[in-house]
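# Chain and residue survey
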Amino acid sequence: MKKKLLVAAMSAMLVIGTAITSFADTYDPQYPLKGYIEPWFVNSPVTGVTAWKSDPNNFFYESNNHRQYALNIAIANKDPHSLTYIGNAIELAAIAKLADYPTTGLSPEQGKLELLTTELNEFLNSFDWRNASNYEKAVQIAKRITKADYLDHEGTQYSYSCLVEGKANCNGYTNAARLLAACIGLATDELGTINHTYPVFLVDGVWLAYEPTSKDNYFTVAEVYTPSYYLVGEPQLTQLGKFCEGIGYQVPESVEGKFPNISYGIIYGKQAPFIKFN
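Note that the structure is predicted; figures quoted are calculated from it, not measured.

## Remarks on the sheet that holds strand β8 (residues 218-221)
Picture the strands of a sheet paired through backbone hydrogen bonds; they go either parallel or antiparallel. Spatially, 6 strands are ordered β5-β6-β7-β8-β12-β11 in an open sheet, and the strand pairing comes out antiparallel. Each edge of the open sheet carries a strand with a single partner, namely β5 (188-192) and β11 (262-267). Pairs of neighbouring strands in the sheet enclose a mean axial angle of 40 degrees, with direction left out of account. Where strand β6 (residues 197-203) lies against strand β7 (residues 206-209), 4 bridges are found, and the strand directions are antiparallel. When the bridges of β7 are listed, Leu 202 appears paired with Trp 207. On top of the sheet, helix α5 (residues 134-145) reaches β6, β8 and β12 (270-276); it is set at about 160 degrees to β6, its chief contact. Along the sheet, helix α8 (residues 239-247) makes contact with β5, β6 and β7, crossing β5 at roughly 115 degrees.

Here's what the structure looks like:
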């Protein structure tokens, strides 16, 4: 019963614009996430260890399909920030370290933790993310993850391989983008197929796609309703597609005047905007 009450309380907290504490004038470059990221941490009602609030595994006892359960909460609350979560112990510990937040039950390899924490800290102190627009946040993430070289080998699928080792396959880039976006409060998810994935960012109400494997210098408007695969001939949407369908999101026909430096090209035989950045 206690676990169910705790999970219910956590579910109620998953709302748009999760309340965060004020930065006031106490920003500390050593702990750049202090006073900001703490509301995303919980003690898992399943394992008892420190976890990310929107991690579907927190709802293991609530449903036989706890991932769908978590998605349903995000849809009900129209909360895109809860679509993704930090589940890797090193990532959780690094974020907590930068917030001076005490964790429970995490035991990451300390050498890797220090290296990842350093990279996150340098990113967070490289621009004024607290006052940056969502567009600038997306640009900064794109520039940071593409410092890594594309390498499609085992071991390059992690945020650590991308940010610390400088090597990433499509999963490595996408996981690094997810980690950085979680730190700076930018809603993100991923699109793609079984064989390829890429990050997307919610910028001023529009989902923008980015292809890091080719180190593009532009975003495109994300086609969130493109099926990721077919099951018995039926198209299957990605998690993001299901979320967008659930909240009634419409892919904009035009983004003219919404973003800087727009040019046009052809994608899948149709004219499409390329939102370029330097």
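There is more to say after this.
## Thoughts on the environment of Glu 211
With respect to the helices and strands, Glu 211 occurs in the loop between β7 and β8. In the structure, Glu 211 is positioned 14 residues away from Thr 197 in sequence and 8.8 Å away in space, judged by C-alpha atoms. If sequence neighbours within four positions are ignored, Glu 211 has contacts with His 196, Tyr 198 and Asp 216. Polar contacts involving the side chain of Glu 211 include one to the side chain of Thr 213, which spans 2.5 Å.

Thresholds, definitions, all that
- Residues numbered from 1 in each chain as written.
- Predicted model: local features only at pLDDT ≥ 70, side-chain atom pairs only at ≥ 80, totals over all residues.
- Heavy atoms only, no water.
- Pairing = 2+ DSSP bridges.
- Helix = DSSP H or I, 4+ residues; strand = E, 2+ residues; numbered from the N terminus.
- Axes fitted to C-alpha atoms, helices over the stretch in contact; angles between N-to-C directions.
- Contact = heavy atoms within 4.5 Å.
- Polar contact = N/O pair within 3.5 Å; in protein donor to acceptor, adjacent residues only side chain to side chain.

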